[in-house]
Amino acid sequence: QVRLVESGGGLVQAGGSLRLSCVGSGSISQIDTMAWYRQAPGKQRDLVAIITSGGITNYADSVKGRFTITSDNAEATVDLQMNNLKPADTAVYFCNAKSHYGVSLAWGQGTQVTVSS
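These lines cover the structure that appears in this document, whether it is placed above or below. Starting from 1, residues in each chain are numbered consecutively following that chain's sequence as written. Reporting of local features is limited, given that this is a predicted model, to residues whose pLDDT is at least 70; pairs of side-chain atoms are given and counted only at 80 or more, and all residues count toward the totals for whole chains, interfaces and linings. Hydrogens and waters are ignored; side-chain quantities use all the structure's heavy atoms.

1. Notes on the sheet that holds strand E8 (residues 77-82)
For two strands to pair, DSSP has to find at least two bridges joining them. Helical segments are the DSSP runs of H or I of at least four residues, strand segments are the runs of E of at least two, and each set is numbered from the N terminus. Within the open sheet, the 4 strands sit side by side as E1-E3-E8-E7. Their pairing is antiparallel. Only two strands of the sheet have a single neighbouring strand rather than two, namely strand E1 (2-7) and strand E7 (67-72). Averaged over all adjacent pairs, the angle separating strand axes in this sheet is 15 degrees, with direction ignored. Sheet topology places E1 next to strand E3 (residues 18-26); 6 bridges connect them, and they run antiparallel. Bridge pairing in E3 links Leu-4 to Gly-24. Angles run from 0 to 180 degrees between N-to-C directions of axes, and those axes are lines fitted to C-alpha atoms, restricted for helices to the stretch in contact.

This is how it looks when you write it as structure tokens:
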């Protein structure tokens, strides 16, 4: 079983930066891909950024050029550096781990990010 714990959310003004971190524990050898999702009130949970064990990354169009995802496979950690934040980025951010076959292994508890205008 994989467990994930996020940290780093908070309140920031538009144009500011935040760094989210996620640490995995348990059966971390099962993890191939880690990702960040976000869910705004009344909306579905959407993919923000994803990174494979080989370092391949992909981003939602809305965050390209502003967010950077990095990971440490050995430690099962994944970070999300968020720059030039906008009010539209306000959401609860969730860390996710996936197996080699793309199966979701675990979700974190979520961390709130609030961007004021």
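2. Some details on the layout of surface pockets
Of the volumes computed, that of the largest pocket is approximately 160 Å³. Site definitions follow a grid-based scheme: protein atoms alone, a 1 Å grid, a 1.4 Å probe that fits but cannot get out for cavities, and for pockets an open set with protein on both sides within 12 Å along at least five of seven lines, plus lining residues having an atom within 4 Å of a point. Forming the boundary of the largest pocket are 13 residues, of which Arg-38, Ala-40, Lys-43, Asp-46 and Ala-88 lie nearest the centre. Every element with two or more residues in the lining of the largest pocket is listed here: strand E4 (33-39) and strand E5 (46-52). Ranked by the residues each element gives to the lining of the largest pocket, the list is headed by E5, at 3 residues. Under this grouping Gly is polar, as are all residues other than the nonpolar Ala, Val, Leu, Ile, Met, Phe, Trp, Tyr, Cys and Pro and the charged Asp, Glu, Lys and Arg. Partitioning the lining of the largest pocket into residue classes produces 6 nonpolar, 4 polar and 3 charged. Grid points are joined across faces, edges and corners, and a volume is the space filled by probe spheres set on the points.

3. A short note on the packing of aromatic side chains
We call Phe, Tyr and Trp rings a pair once their centres come within 6.5 Å, taking the six-membered ring for Trp, and we label the pair stacked below 30 degrees between planes, edge-to-face above 60, and tilted otherwise. Enumeration according to the criterion identifies 2 aromatic pairs in this entry. A ring pair is formed by Tyr-37 and Trp-107, whose centres lie 4.9 Å apart and whose planes are at 65 degrees; its orientation type is edge-to-face. Highlighted residues: Tyr-37 in strand E4 and Trp-107 in strand E10 (residues 104-107), separated in sequence by 70 residues. Each residue gets one of three labels from its accessible area relative to the maximum for its type: buried under 20%, exposed over 50%, partly exposed in between, using a 1.4 Å probe on protein chains only. Of the residues examined, Trp-107 reaches a relative accessible area of 37% and is grouped as partly exposed.

4. Thoughts on the pattern of salt bridges
For this document, the term salt bridge refers to a Lys or Arg side-chain nitrogen within 4 Å of an Asp or Glu carboxyl oxygen. For the structure on display, the rule yields 4 salt bridges. Note that Asp-61 and Lys-64 form a salt bridge whose closest N and O atoms lie 3.1 Å from each other. A salt bridge links Arg-66 to Asp-89, with the nearest nitrogen and oxygen atoms 2.8 Å apart. Here Asp-89 lies in the loop between E8 and strand E9 (91-98) and Arg-66 lies in the loop between strand E6 (57-59) and E7, a separation of 23 residues in the sequence. One continuous salt-bridge network, built from bridges that share partners, spans Arg-38, Arg-66 and Asp-89.

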